[in-house]
Amino acid sequence: MSNTENRLALGFNIDHIINIRQARFTPYPDLLETLRLVETGGADGITLHLREDRRHIQDADVYTVREHCTTRMNLEMAATEEMANIACDVHPEDCCIVPEKREELTTEGGLDVIKQFDRIKKVTQRLNQENIRVSLFIEPSKEHIERVPDIGAPVIELHTGTYANLHGDAQKRELERIIEAAEFAESHGIIVNAGHGLDNKNTQAIAAIPQMRELNIGHYLVARAVFVGIKQAILEMKLLMAEARQ
Ligand code: PXP
C-alpha cells in the first residue's frame, strides 16, 4: 500500500463480513457496499483470504474485489498451485502467502519457510513473474526471516497473533521479538508489515515500530463496526495508529 516515509497503512480484512453472508448464504452483507464503505472510510487496502475450504471468501468474490477495488487488493492464500493459478489470473497488487490447515479456526502461526522452502519459493517466483508483490506471513524469528531473500519475496507480514494472545511480561517479551525481527528484516532490505489479532488495546505498540509499513486487521474492526459502523471503526483505528507514530 502506498507509503510515504512515516506513513503506516491499514489493510482492512473483509473475511469476517463475508463470514456473516456465508453463515446463511444470503445476498447480504453485500460485497460491493462493503468495498465502498471500507474504501471511502479511509482504509488503504482490501485484504481477503481465499481459503482452500472456501469457508468465507468465494472465488467470485475475488474477481469482484479485483474489478471494483480502488485502493490495493491483498489476496491471502496458501502456497498451492490452485491458488497460484487464481492469483495469476486475478492479478492482485499484493499476495500474502499464509499457512493453512483445514480444521483451524483462523490462521494459526506463520509459514515454515525452512521446511516449506521449495514450495514457497516456487509460488513466490511465479507471482514475481506476474509483477504481483509477494508477502510471506511469518513468525518474528530471525531464522525464518533470513531465508526470505532467497525465496525472493520483497515483503513479510509478521504474525502478531501470539503477541495478541499474551498478557503482561510475556506480551512484552513477544513485543521485543517483533521489534527485533522488524529491525533485522529491514537490515536485509525486506519491507515489514504485521497482522493478526490486533485490536484497540494492542495495536499501538505494533504501530509504533518504525519499520512497520502496513497493518492488516479484520476481526476487531468488523466487531467494532457492529456497534459504530465501518467508517467510524476505521477512523478510530487510524487515529490510534497515527497517534502511535508521533
Ligand atoms: N493477516 C493475516 C495473514 C491473516 O491471515 C489474518 C486473518 O485472516 C489477518 C491478518 C487479520 O487477522 P484478524 O482478523 O485477527 O485481525
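Structure report, in brief. (Residues numbered from 1 in each chain as written. Predicted model: local features only at pLDDT ≥ 70, side-chain atom pairs only at ≥ 80, totals over all residues. Heavy atoms only, no water.)

### Things to note about the packing of helix α2 (residues 31-40) against helix α3 (residues 59-68)
Thinking step 1. The N-to-C vectors of α2 and α3 enclose an angle of 45 degrees; their axes lie 10 Å apart at closest approach. On the basis of their axis angle, the class for α2 and α3 is oblique. Read as a crossing pair, α2 and α3 show a hand that is right-handed. Contact residues: L31, L32, L35 and E39 in α2; D61, T64, V65 and H68 in α3.
Thinking step 2. A class-by-class count of the residues in the contact of α2 with α3 yields four nonpolar, two polar and two charged. (Axes fitted to C-alpha atoms, helices over the stretch in contact; angles between N-to-C directions. Helix = DSSP H or I, 4+ residues; strand = E, 2+ residues; numbered from the N terminus. Parallel < 35°, antiparallel > 145°, perpendicular 65-115°, else oblique. Left-handed = near helix turned anticlockwise from the far one by under 90°. Contact = heavy atoms within 4.5 Å. Nonpolar A, V, L, I, M, F, W, Y, C, P; charged D, E, K, R; others polar.)

### Notes on the nonpolar core
Generally speaking, soluble globular proteins have nonpolar side chains that are buried together.
Thinking step 1. Within the largest apolar cluster, 72 residues are counted, with the highest numbers of intra-cluster contacts made by F12, L127, L136, L158, I206, M212 and L215.
Thinking step 2. Contacts of L215, omitting those with residues within four sequence positions, involve L8, A9, L10, G11, A194, L198, T203, I206, A207 and M241. (Core = buried A, V, L, I, M, F, W, Y, C linked by side-chain atoms within 4.5 Å. Buried < 20%, exposed > 50% of the residue type's maximum accessible area, 1.4 Å probe, protein only.)

### Concerning a negative patch on the surface
Thinking step 1. Together, E176, E180, E183 and E186 make up a negatively charged patch on the protein surface.
Thinking step 2. Residue position: E180 is located in helix α9 (residues 168-187).
Thinking step 3. For E180, a relative accessible area of 39% translates into the label partly exposed. (Patch = residues over 30% accessible without salt bridge, like charges linked within 9 Å, V, L, I, M, F, W, Y side chains within 5 Å. Areas by Shrake-Rupley, 256 points an atom, 1.4 Å probe, with all protein chains shown as cover. Salt bridge = Lys/Arg side-chain N within 4 Å of Asp/Glu carboxyl O. Lys, Arg positive; Asp, Glu negative; His and termini not counted. Charge placed at Lys NZ, Arg CZ, Asp CG, Glu CD.)

### Some words on the side chain of N74
Thinking step 1. Secondary-structure assignment places N74 in strand β3 (residues 73-77).
Thinking step 2. There is a polar contact of 3.2 Å between the side chain of N74 and the side chain of T47. (Polar contact = N/O pair within 3.5 Å; in protein donor to acceptor, adjacent residues only side chain to side chain.)

### So, the pattern of salt bridges
Thinking step 1. Taken as a whole and assessed by the stated rule, the structure comprises 15 salt bridges.
Thinking step 2. D53 is the partner of R51 in a salt bridge, and the nearest nitrogen-oxygen pair spans 3.9 Å.
Thinking step 3. You can call R51 buried: its relative accessible area is 3%.
Thinking step 4. Residue D53 is classed as partly exposed on the basis of its relative accessible area of 29%.
Thinking step 5. Across the pair D94 and R72 runs a salt bridge whose closest N-O atoms are separated by 2.9 Å. On the criterion of sequence distance, the pair formed by D94 in strand β4 (residues 94-97) and R72 in the loop between α3 and β3 is long-range, its members being 22 residues apart.
Thinking step 6. Exposure remark for R72: the relative accessible area of 23% places this residue in the partly exposed category.
Thinking step 7. Salt bridges linked by common partners bring R7, D44 and K238 together as one network.

In short, the description is geometric, and any link to function would need to be established separately.
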